[in-house]
Amino acid sequence: MAEHREGTGPAGQLSEPGHPAKEIHQLDRVVIRFAGDSGDGMQLTGDRFTSETAQLGNDISTLPNFPAEIRAPAGTLPGVSSFQVAFADYDILTPGDAPNVLVAMNPAALKANLADLPKGGTIIVNTDEFTKRNLQKVGYDGNPLEDGSLAGWDVHKVGLTSMTVGALADHTISKKDAERAKNMCALGLLSWLYSRPHASTMAFLERKFAARPELVAANKAAFEAGWSFGETTESFAVRYEVPPAQMAPGNYRNITGNTALALGLVAAGVRAQLPVVLGAYPITPASDILHELSKHKKFGVTTVQAEDEIAAVGVALGASYGGALGITSTSGPGVALKSETISLAVALELPLVVVDVQRAGPSTGLPTKTEQADLSMALHGRHGEAPVAVVAAQSPVDCFHAAIEACRIALTYRTPVILLSDGYVANGSEPWLLPEISDLPDLRVEFASGPNGEDGKFYPYLRDPQTLARPWAVPGTPGLEHRIGGLEKADKTGDISYDPANHDFMVRTRAARIEAIDVPDVVVEDPSGEAKVLVLGWGSTYGPIGAAARALRQRGVNIAQAHLRHLNPLPKNLGEVLAAYDKVVLPEMNLGQLAQVLRARFLVDIVSYNQVRGLPFTSTQLETMLEEVIKNV
Amino acid sequence: MSNAVPVQLSAKDFKSDQEVRWCPGCGDYAILAAMQTFLPELGIPRERTVFVSGIGCSSRFPYYLNTYGMHSIHGRAPAIATGLSVSRPDLTVWVVTGDGDALSIGGNHLIHALRRNVNLKILLFNNKIYGLTKGQYSPTSELGKITKSTPGGSSDAPFNPISLALGAEASFVARTIDSDRKHLQSVLRQAAEHQGSAFVEIYQNCNIFNDGAFEVLKDPETRDAYLIRLEHGQPITLGNDGSHVVTHPAGSFGLAVREKADVDPAEVLVHDAHAEDPAYAFALSRLAGPDLRHTPVGVFRSVRRPSYDELVRNQLDAAKAKAGEPEADLAALLNSGDTWTIL
C-alpha cells in the first residue's frame, strides 16, 4: 500500500465524553472492504459509510461486487457480496487495488476475500457466524480464527450479532429484525474507527424506516453499540482520521455511474427542450437507469418497460420518429437483440441513443461483472454497412457528460449513437462536483416546418451540407407527409430505389455522415514532454491507467497518457498522436478490440494488454506492465 | 403545397405519388382502395395520420397513402407504433401487418400491444401464406398445407387470430373480408372510433400463392351457408333467409349452429359486442371449422378499458403539474440527495 502512509501521530480529541480518549493517527488513504452474505446488507453498509465519508470532504471511489443471484444459499461462497470504498485526502482515481481493512461478516466472506488483503492488513470478523456448520459450508476444516492461519494479519474478533442482539434486548422487535441490524453495528464500529460523522446515517435511517419507528430506534441503537464498542474495547488501541482532500469549491454529491448516466439523459432532454422516451427491458447491470428515469416524469420523461429488448428499441425509435429523444438502455445481450432495429435507424436517419452497460460475456456470461468486450459489436455488429457513432464513459461522474454527448450527436446528426458504459463505472461511485445547468451544451433542434427544395417541394433526404443530416419532419407537420422505411431510398426524395449507383452513393453517404461528426481532438497528458511511450485507453480503464501513470511519474518514469471518449468517429488528430510515440500501449478488458481497429486504421503496432477477469485492472498491475514496456523501448 | 388543413378531403388526397407494386389481382388493392375512400370521412387531417408497417406484401401499404408512414422491420411495427402513439397522443396511428409479420416473427409485440391496450388500429391482412418470400406456409395456414417449404404438408396447427387477440386481452376485435368494401369500411369505422387497441383481421386473397383461400365466403353460391354477419344487438343468424341460428346449448362451453325451425326463438343468441366476459367472443371465434363453415365477420368484441396511452399520459400530466421551470427543476434534481459543499 504505497499510498497508505501513516501521519505524524495523534491529532486531536474526537472521542465522546465519558470515555478515555484513544490515540488518533492520521492516514492519507484507506481502502475498506465490507463483505458478507447477500442478505447481510453490505451494499447498504458500504453506501452509508461512503456517504459519511463524503460529508467529511475526502475524495472517494467505490466498487461494489455482488453475485448475480439475489439470495444465493446463505453462508456460501457464491452468496458473498462486498462493497469496497477508498477514501483519501487527495484526489483518487480508483477504489483501490486491494483493501487495507476487511470487514468479514461470516466465514464465506473471509474465505472469498482474504486473498485480496495484503499481509498486515486489518480484519474485523463477526465471530458469531464462525460456527462449525458455517465453517464446513465453505470448506474450512478448522476455525481460521483459532488455528493461527491469520497470523500475518491484524485480526479483531467481534461478536457483532450477539452484541447487536444484546444492545436491542429492550427493543420490541423480533429476534430476526434485531439480528438484521448487525450491519449497522459494524457500520458504527467502522465509523468510530475512522472518525466518520454519523448524522447522515441517522437521518437516512429515519427516512428508510419512516413507517416503522421501532426499526429506526433499533438500527440507531445498533449503530451506537458498534461505536461505543470501539470506544471501550481494548481490541482497538487507536482510531484514525483521514483529513479532507483538496477539492475544487462547489456543491458535491456522491454518484454512481448508472445514476449519473440517467441524470445526463434527463439533462439532455431539458437542454434539447424535447420529451425523453426510454424503452427498456430489465437487464443487469443496466436496470438502474430504467429505475432512475422512471422517477422523472416531471421533466417529460416517459419510460416504457417493453416486452423484450427488440420492442424496447422499437419504442425508442418510434418516439424519435415522433419528435422525442428516443433512448434505450441495456447490456450486451440486449444490444445483440436490438441490432436489426439499430440498422433500421441507420437507414431512417433518426436520432436514437442506445446505452450499453457492458458486462462479461459471451451469452449470459458474468452478469454482475465488468468487461469492455462489446466494442466490436458496437462498431460493427449490424448487417450491411451500418455505421453508428460510439461514445464511451470513463468514470461514474463522466457517465453524466458522456450521456449528454451521446444525445448531442444523435440529435445534431440524426443518427443512432451507442453509449458504452460498463459494470465497473455503472455501479462504482465517486464525488461529483455538480455542474451549472447553463454550462451544459445547448441541444435545441429545429424540426422541418416547410418545403426544403428549390422547387417548393419537400425532400425528406435532402441533407444539411454541414452535418449531412436530413430534415427531422415529424408527423403532425402539415404539408410534409412522407414515407420512410428500411428499403433503400433514393437520394433527396427518399423514394424506394433499386438503382445500383444510388445504393453505392447512399452507402458512402451514410459512412461519410458518421465521419463528419465533429468530435474534439484527443488530449495527451505528458507533464515531462519527453515520454516515449503512450498509454492509450477508452472507457472505464481511465481510473487504473491514470493511477498507474501517476505512480510512474512520481518515481520519475516518463509516460504519456491519452483517453478516448469517441470510438466512432475517432478524433481527427489520433493518427498523428499515435505516430508521435515509440510505443503505444493499449490496456483493454477484452482481447484487443480497439487495438485491432487502430492497427488496421493507422498501421501502428500497438501493444495490446488484455484482461477479462470480470474485474477492473489494478493500477499496480498496469504500473508494472507499463514500466516493462518503457524499459524495453 | 398549402399548410392549411383542407376542410374536405377526398380519396384522391390520400393517394401517394408512388406506383403500387402488388401483383395484379391481389386483395391488397381492394383494401387500399377501401382505406383511401374511407379515410376522408374521419375528418382527421392527413398529417395527423400515420401508418406503420412491418415486412411482407401488406407492409408496403404505407407507401401508397399520402399520410405520414413508416415501413419498418419484420414483426416490429406494433413496438415502433407504441413508441409513437404513447409520445404523440395527437396522432392516429394505424399498424398494417400480415399473418407472418404479426403472428410469427412479431407475435410477442402484437400480444403485448393488445394487452397494454395501446391506442393503435392494427390491421392484420391474413392470406394464410408467405407471399413476399414466394409461398411458404404461415402460422395461419391449415394443418397439412403443402407449400414450397412443406412438400409433405405442414405439421403445425394454425393460430386462430381472433382467439389469440381475445386471449391477449384485446378490447376491440373484428374480422372482415377484402372484397366486401362496405363491410370492410364499416369495421374500419368502428375500429377508428375505438379508444385503445383495435384489432382487425382482414381475410385477404393472395391470388399467386394461395388463391381462393376464402372463396367459400365470397362465392354467392356458398357464402350464405358459410358466413355469419355479426351485428351488435341483432340475433345471430345465417343463410340467405336466416334459415340457421346460433345458440348456446345448455351444458356446453361453446356455441352451436342449428336450424331455425328447431329452435325456440328465445334461445337464439343476440350478439352483444360489449359483453364484459370475453368467453362469449372467444366462443364465437371458435365457431368456424377449418373449412371456414360458420365464419363470423364483424365486431366480435368492443369494450372500453383505459388505454396504455391514457394511463401513461395521466401520470405524466400529474407529475408535470408539479413542475416548475425545467432548468431550475433540473438544478434541484442534480443537487438532491446527500450533498456537501467545499468552500
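Residues numbered from 1 in each chain as written. Chains lettered and ligands numbered in written order. Predicted model: local features only at pLDDT ≥ 70, side-chain atom pairs only at ≥ 80, totals over all residues.

Let's talk about the overall build of chain A
- Scanning chain A from N- to C-terminus turns up 20 helices and 23 strands.
- In terms of overall dimensions, chain A is globule-like: its C-alpha atoms have a radius of gyration of 27 Å, near the 26 Å expected for 633 residues.
- When the backbone C-alpha atoms are referred to their principal axes, chain A occupies close to 90 × 60 × 50 Å.
- Counting all 633 residues of chain A, 53% fall into the buried class. (Helix = DSSP H or I, 4+ residues; strand = E, 2+ residues; numbered from the N terminus. Rg over C-alpha atoms; globule rule 2.2 N^0.38 Å. Buried ≥ 20, exposed ≤ 12 C-beta atoms within 10 Å, placed from the backbone.)

A word on the interface of chain B and chain A
- The interface of chain B with chain A comprises 58 residues on the first partner and 61 residues on the second.
- Elements supplying a minimum of two residues to the side of chain B that touches chain A: β2 (68-71), α2 (77-87), α4 (107-116), α10 (308-321), α11 (326-334) and β12 (339-342) of chain B.
- Considering every element that reaches the side of chain B that touches chain A, the biggest residue donor is α2 of chain B, with 8 residues.
- Across the side of chain B that touches chain A, the residue classes tally to 27 nonpolar, 20 polar and 11 charged.
- One ladder, built from 3 bridges, connects strand β17 (residues 483-485) of chain A with β2 of chain B; its direction is parallel. Directly across from R483 of chain A, in β2 of chain B, lies its bridge partner G69 of chain B. (Contact = placed C-beta atoms within 7 Å. Nonpolar A, V, L, I, M, F, W, Y, C, P; charged D, E, K, R; others polar. Pairing = 2+ DSSP bridges.)

Quick word on the UniProt feature "domain: Pyruvate/ketoisovalerate oxidoreductase catalytic" (unreviewed entry) in chain A
- Per the UniProt annotation, the sites labelled "domain: Pyruvate/ketoisovalerate oxidoreductase catalytic" (unreviewed entry) are residues 39-226 of chain A.
- Annotation note: span residues 39-226 of chain A, helix share 41%, strand share 16%, distance between end C-alpha atoms 20 Å. (UniProt positions renumbered as here; feature names shortened; annotations may be inferred.)

Focus on the UniProt feature "domain: Thiamine pyrophosphate enzyme TPP-binding" (unreviewed entry) in chain B
- Mapped onto this numbering, the UniProt entry annotates "domain: Thiamine pyrophosphate enzyme TPP-binding" (unreviewed entry) at residues 55-202 of chain B.
- Along residues 55-202 of chain B the backbone is 32% helical and 20% strand, and the end-to-end C-alpha distance reaches 17 Å.

A short note on the sheet that holds strand β4 (residues 120-126) of chain B
- Read across the open sheet, the 9 strands follow the order β17(A)-β2(B)-β1(B)-β3(B)-β4(B)-β6(B)-β5(B)-β11(B)-β7(B); overall the sheet is mixed. Single-partner strands in this sheet number two, and they are β17 of chain A together with β7 (227-229) of chain B. Strand-to-strand twist in this sheet, taken as the mean axis angle between neighbours without regard to direction, amounts to 20°.
- Pairing between strand β1 (residues 49-53) of chain B and β2 of chain B: 4 bridges, direction parallel. By the bridge assignment, S53 of chain B is partnered in β2 of chain B with H71 of chain B.
- Here α2 of chain B sits on the sheet in contact with β1, β2, β3 (92-98) and β4 of chain B, set at roughly 175° to β3 of chain B.
- This element, helix α6 (residues 181-193) of chain B, spans β4, β5 (172-177), β6 (198-203) and β11 (295-302) of chain B of the sheet and lies at about 160° to β5 of chain B. (Axes fitted to C-alpha atoms, helices over the stretch in contact; angles between N-to-C directions.)

A word on the packing of helix α11 (residues 309-321) of chain A against α2 of chain B
- Two numbers describe how α11 of chain A lies on α2 of chain B: the axes approach to 6 Å, and their chain directions differ by 45°. Judged by the inter-axis angle, α11 of chain A sits oblique to α2 of chain B. In terms of crossing hand, the pair formed by α11 of chain A and α2 of chain B is right-handed. Taken together, the residues of α2 of chain B that come into contact with α11 of chain A (itself represented by I310, A311, G314, V315, A316, L317, G318, A319 and Y321 of chain A) are A79, I80, A81, T82, G83, L84 and S87 of chain B.
- Residue classes in the contact of α11 of chain A with α2 of chain B are distributed as 11 nonpolar, 5 polar and no charged. (Parallel < 35°, antiparallel > 145°, perpendicular 65-115°, else oblique. Left-handed = near helix turned anticlockwise from the far one by under 90°.)

Details of the sheet that holds strand β22 (residues 583-588) of chain A
All names here are of chain A.
- On the basis of which strands lie adjacent, the open sheet formed by 5 strands has the order β18-β20-β19-β22-β23 and mixed pairing. Of all the strands in the sheet, just β18 (524-525) and β23 (607-610) have a single pairing partner and so form its edges.
- Alignment of strand β19 (residues 533-538) against β22, held across 3 bridges, turns out to be parallel. Looking at β22, one finds that L534 is bridged to V584.

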